[in-house]
Amino acid sequence: MQNIVILTGAGISAESGLKTFRAEDGLWENHPVEEVATPEGFARDPDLVQRFYDERRMRVLAAQPNPAHEALGRLERELGDRLLIVTQNIDDLHERGGAGRVLHMHGEVLSAWCQRCDARHRWERSLRDGPSCPSCEMVSLRPDIVWFGEMPYQMGRIFGALEQADLFVSIGTSGAVYPAAAFVQHARDARARTLELNLERSAGSALFDETRLGPASKLVPQFVQDMLAA
């Protein structure tokens, strides 16, 4: 049985109504990225940033996993710890689709991070009204999101998994955002087979052994069915 690392991006959640909030002009829901996705922006206007992620949180809670998320949940049930899902998405649709081994490299919008005691808590309500941390009772919670200028989570674990992978699959990603864009080359260097599932060819498409184009809700269940049949 082979080891598989799967990277997912905005394309897998788009069919659940969670489209990427960064537009082609660089604005995030009509805000410059510096305002809502940097530590400096949070320091300047925490109310704006908290309101921005409160809105994202409510959208995630209202969304439902689609057949692509559910198919990966089925694959995990069969492969167990031979499968690792690394996602750039901040939603919890993989988990609600049945997957448990999910690494959120850019954080989770349904998590609050205390800047005083470093605790993280599942969070489904507003942070804008300044709730206290359940661990230390200080008013110091921020969205548990990796902002520009911050290091993505668990990079050592990700690269370790890529070095042991027999197959690397990229689903619904642009291939333009680093460090995730470098994963395919790292997998190739480790002699893994590489597969891209996407609506259109990504910026790194030439690095994949195979590219299949179409919506994730169709491509991913077929990929999982093929893997389980094999």
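The structure contained in this document is the topic of the report that follows. Just so it is clear, the structure is predicted and the values come from calculations on it, not from any experiment.

Reading the values: rules and limits
- Residues numbered from 1 in each chain as written.
- Predicted model: local features only at pLDDT ≥ 70, side-chain atom pairs only at ≥ 80, totals over all residues.
- Heavy atoms only, no water.
- Helix = DSSP H or I, 4+ residues; strand = E, 2+ residues; numbered from the N terminus.
- Polar contact = N/O pair within 3.5 Å; in protein donor to acceptor, adjacent residues only side chain to side chain.
- Contact = heavy atoms within 4.5 Å.
- Pairing = 2+ DSSP bridges.
- Axes fitted to C-alpha atoms, helices over the stretch in contact; angles between N-to-C directions.
- 1 Å grid on protein atoms, 1.4 Å probe; cavity = no way out; pocket = protein on both sides within 12 Å on 5 of 7 lines; lining within 4 Å.
- Points joined across faces, edges and corners; volume = space filled by probe spheres on them.
- Buried < 20%, exposed > 50% of the residue type's maximum accessible area, 1.4 Å probe, protein only.
- Arc of directions from axis to C-beta.

### Quick look at the side chain of Ser217
Link 1 in the chain: Along the chain, Ser217 falls in helix 9 (residues 216-229).
Link 2 in the chain: Side chain to side chain, Ser217 and Glu15 meet in a polar contact 2.4 Å long.
Link 3 in the chain: Among residues more than four places away in sequence, those in contact with Ser217 are Glu15, Pro67 and Ala68.

### Observations concerning the sheet that holds strand 7 (residues 120-122)
Link 1 in the chain: Pairing is antiparallel across the open sheet formed by 3 strands, whose spatial order is 7-6-8. Where the open sheet ends on each side, the last strands, each with one partner, are strand 7 and strand 8 (141-145). Strand-to-strand twist of the sheet, defined as the mean angle between neighbouring strand axes without regard to direction, takes the value 40°.
Link 2 in the chain: Where strand 6 (residues 107-114) and strand 8 come together, 5 bridges link them in antiparallel fashion. Following the sheet pairing, Glu108 is matched in strand 8 by Asp144.
Link 3 in the chain: The strands touched by helix 4 (residues 46-62) are strand 6 and strand 8; relative to strand 6, the strand with the most contacts, the crossing angle is about 135°.

### Examining empty space enclosed by the protein
Link 1 in the chain: Applying the stated criterion across every chain yields a total of 1 cavity of 30 Å³ or more.
Link 2 in the chain: Volume-wise, the largest cavity comes out at about 90 Å³.
Link 3 in the chain: In terms of lining, the largest cavity is formed by 13 residues, of which the most central are Ser170, Thr173, Gly175, Ala180 and Ala181.

### Quick notes on helix 7 (residues 155-164)
Link 1 in the chain: If you check which residues of helix 7 are buried, you get Met155, Ile158, Ala161 and Leu162. The buried residues of helix 7 all sit within an arc of 125° when viewed along its axis, so they share a single face. Within helix 7, the exposed residues directed more than 90 degrees away from the buried face are Gly156 and Gln164.
Link 2 in the chain: Residues of helix 7 that are buried make contact with strand 1 (4-8), strand 4 (83-87), strand 5 (102-104), strand 9 (167-171) and helix 8 (183-189).

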